[in-house]
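Reading the structure
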Amino acid sequence: MHDVVRAVPFLLPSVTVPGSCLPLEAKDLVFEAGGKRLIDGIDITLRSGPVTAIMGPNGAGKSLLLRLLHGLLRPTQGEILWSGRPADREIASRQAMVFQRPVLLRRSVAANIHYALDVRGVAPAERRARLDAVLQAARLEHLAERPARVLSGGEQQRLAIARALSMAPEILFLDEPTASLDPASTLAIEELLQQARASGTKLVLVTHDVGQARRLAQEVLFMHRGRIAEQTMAGRFFAHAASAEAQAFLEGRIVL
Amino acid sequence: MQDFAGAFRLAVELITSGDTTLVDIVVLSMRVSLTAVVAACLFGLPIGAAIAVARFPGRGAVIVLLNSLMGLPPVAIGLLLYMILSNAGPLGVMGLLYTPAAMIIAQAVLVTPIIAALTRQVVEDLNTEYDEQLRSLGVKPARAVATLLWDGRYSLLTVALAGFGRAIAEVGAVIIVGGNIAHVTRVMTTAIALETSKGDLALALALGIILVGLSILVNSGVMAFKATAVRAAYA
């Protein structure tokens, strides 16, 4: 395992478990709350490889979809299949999620990562190597012993992503990870995500930022009112989006 | 009518001279109440945290009940424990009545609901922040409870302090199960009650001053401790 860590400077691919949990399929996914249908019959397939950006106006259901896929919410109807089977603990352990506002434990930077590795059952002997690798990738080595919650907003989000990546997830969900960050922090985070992608992690990213989607994504899922308006390759989406809503969104008009 | 200034002067003399009766009483008070609070925390912290995290039918009712138990009348608890611990009672054979152990039990029973109810509140607030992240990491419920307790440790210290405040100031329960026996079960509050009724206001006042002083000391200690936690963004 240590050789792998050296070969891939910052992330261990999920070589411990044979077989992939991807593709991820959602079939006729419906989520209702308070008598409202917030996710309205979504059918999608997410394959390993391309970075998928989920875009759409506020209230379209992007974050909800991400939580449903990750298993934080139970769908009212429909099913989610990982390589053809429903999620279980083993599947859950191959995923990670980063939230818009990073949730950091009231402990040091290093302890935050140690905690995740411990929960995921990473052998103690291997933890040190993973910790060093992700801290280096996130450029947080010099802050390892600092309390996590005194870091700046950008550093906190880098730590949240580093913690997620330390678990070597096969798929990483990100809910607007740079929404409230300055350009330098956004750049640092996008570089970190590029590295994660290069080492084989599937990224599914909710973003408002058209520029960020252009920079990172190879595939775009455009949502509107709880439905998928279109799922296209990024190049085609930005050149000429098929749906009227997506065209309006890209032109900066308000999409109702 | 006693001379208040005279009593106060005598009280200060007793404190400064380190009167052995006085010291015995203060030491026993601290021993009983601190032990009771530690015991109450052992039960109250996990109970409160578990209720904060768990979702089950009747949870609302349990919380209402727990909050109501915070106001348990000490004399009622004292009476109940007296009946349990007296020779005729179910635990009479243990011979605990009129011992410090009985007083510790009484105070622990009084303080446990306070610790549990306040812990429930603290942990529930923290859990609104942590819940999704912990579930995303795959943390199991028991581990989540431990994590929330540890990460809420500085706020929970205030909870323990509230419990200590209740224990050290309580008189009704310890006087019933302890019996206020000199050098055995006489604590500050029971001594104050006795000395006042005897008319020895000096000793009562001295104990009163120490009680208030201890309270201020413990509170400022915890405040200072919490301030360092805030600086490290751990609170």
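I will try to describe carefully the structure that is included in this document. (Residues numbered from 1 in each chain as written. Chains lettered and ligands numbered in written order. Predicted model: local features only at pLDDT ≥ 70, side-chain atom pairs only at ≥ 80, totals over all residues.)

Here we look at the overall build of chain A
Tallying secondary structure elements over chain A gives 10 helices and 10 strands in all. Computed over the C-alpha atoms, the radius of gyration of chain A is 18 Å, within 12% of the 18 Å expected from 2.2 N^0.38 for a compact globule of 256 residues. Principal-axis analysis of the C-alpha atoms gives chain A an extent of 50 × 40 × 35 Å. When contacts within chain A are restricted to residue pairs at least 6 apart in sequence, long-range pairs at least 24 apart make up 69% of them. (Helix = DSSP H or I, 4+ residues; strand = E, 2+ residues; numbered from the N terminus. Rg over C-alpha atoms; globule rule 2.2 N^0.38 Å. Contact = placed C-beta atoms within 7 Å.)

Comments concerning the overall build of chain B
The helix and strand inventory of chain B stands at 10 helices and 0 strands. The order of helices and strands in chain B, counted from the N terminus, is α-α-α-α-α-α-α-α-α-α. Principal-axis analysis of the C-alpha atoms gives chain B an extent of 65 × 50 × 30 Å. Within chain B, the fraction of its 235 residues that count as buried is 39%. Of all intrachain contacts in chain B linking residues separated by at least 6 positions in sequence, the fraction that spans at least 24 positions is 78%. (Buried ≥ 20, exposed ≤ 12 C-beta atoms within 10 Å, placed from the backbone.)

Considerations on the environment of valine 218 of chain B
All names here are of chain B. Take valine 218: it is sitting in helix 10 (residues 201–231). Residue valine 218 is classed as partly exposed on the basis of its 14 C-beta neighbours within 10 Å. Here the alpha-carbon distance between valine 218 and alanine 11, two residues 207 residues apart in the chain, equals 22 Å. Setting aside residues up to four positions removed in sequence, valine 218 forms contacts with Leu161 and Phe164.

Concerning the packing of helix 3 (residues 59–69) of chain B against helix 5 (residues 100–137) of chain B
All names here are of chain B. Put simply, helix 3 and helix 5 touch, their axes get as near as 8 Å, and they point 130° apart. Between helix 3 and helix 5, the interaxial angle falls into the category oblique. Considering the relative orientation of helix 3 and helix 5, their crossing is left-handed. Between helix 3 and helix 5, the residues in contact are Ile63, Leu66, Asn67 and Leu69 and Pro113, Ala116, Ala117 and Arg120, respectively. When the residues that make up the contact of helix 3 with helix 5 are grouped by side-chain class, the tally is 6 nonpolar, 1 polar and 1 charged. (Axes fitted to C-alpha atoms, helices over the stretch in contact; angles between N-to-C directions. Parallel < 35°, antiparallel > 145°, perpendicular 65-115°, else oblique. Left-handed = near helix turned anticlockwise from the far one by under 90°. Nonpolar A, V, L, I, M, F, W, Y, C, P; charged D, E, K, R; others polar.)

Brief notes about the nonpolar core
Core analysis: the largest hydrophobic core is formed by 141 residues, its most contacted members being Ile54, Ala162 and Leu205 of chain A together with Ala106, Ile115 and Val177 of chain B. The element that contributes the greatest number of residues to this core is helix 5 of chain B, accounting for 20 residues. Those residues in contact with leucine 205 of chain A that lie beyond four places of it in its chain are Val51, Thr52, Ala53, Ile54, Leu174, Leu216 and Ala217 of chain A. (Core = buried A, V, L, I, M, F, W, Y, C linked by C-beta atoms within 7 Å.)

Section: the pairing of strand 1 (residues 24–33) of chain A
All names here are of chain A. Pairing analysis gives 8 bridges linking strand 1 to strand 2 (residues 36–46), with the strands arranged antiparallel. Bridged to valine 30 within strand 2 is aspartate 40. Here 5 bridges tie strand 1 to strand 4 (residues 77–82), and the two strands are oriented antiparallel to one another. Pairing of valine 30 across the sheet is with glutamine 77, part of strand 4. (Pairing = 2+ DSSP bridges.)

Re the pairing of strand 9 (residues 219–224) of chain A
All names here are of chain A. Among the 6 residues of strand 9, 6 are classified as buried, and the element is accordingly described as predominantly covered. Here strand 9 shows a buried face lined by Glu219, Leu221 and Met223 and a second buried face lined by Val220, Phe222 and His224. Here 6 bridges tie strand 9 to strand 10 (residues 227–233), and the two strands are oriented antiparallel to one another. Within strand 10, the position partnered with glutamate 219 by the bridge is methionine 233. In this antiparallel pair of consecutive strands, strand 9 and strand 10, the connection spans 2 residues, and arginine 225 shows a positive phi of 50°.

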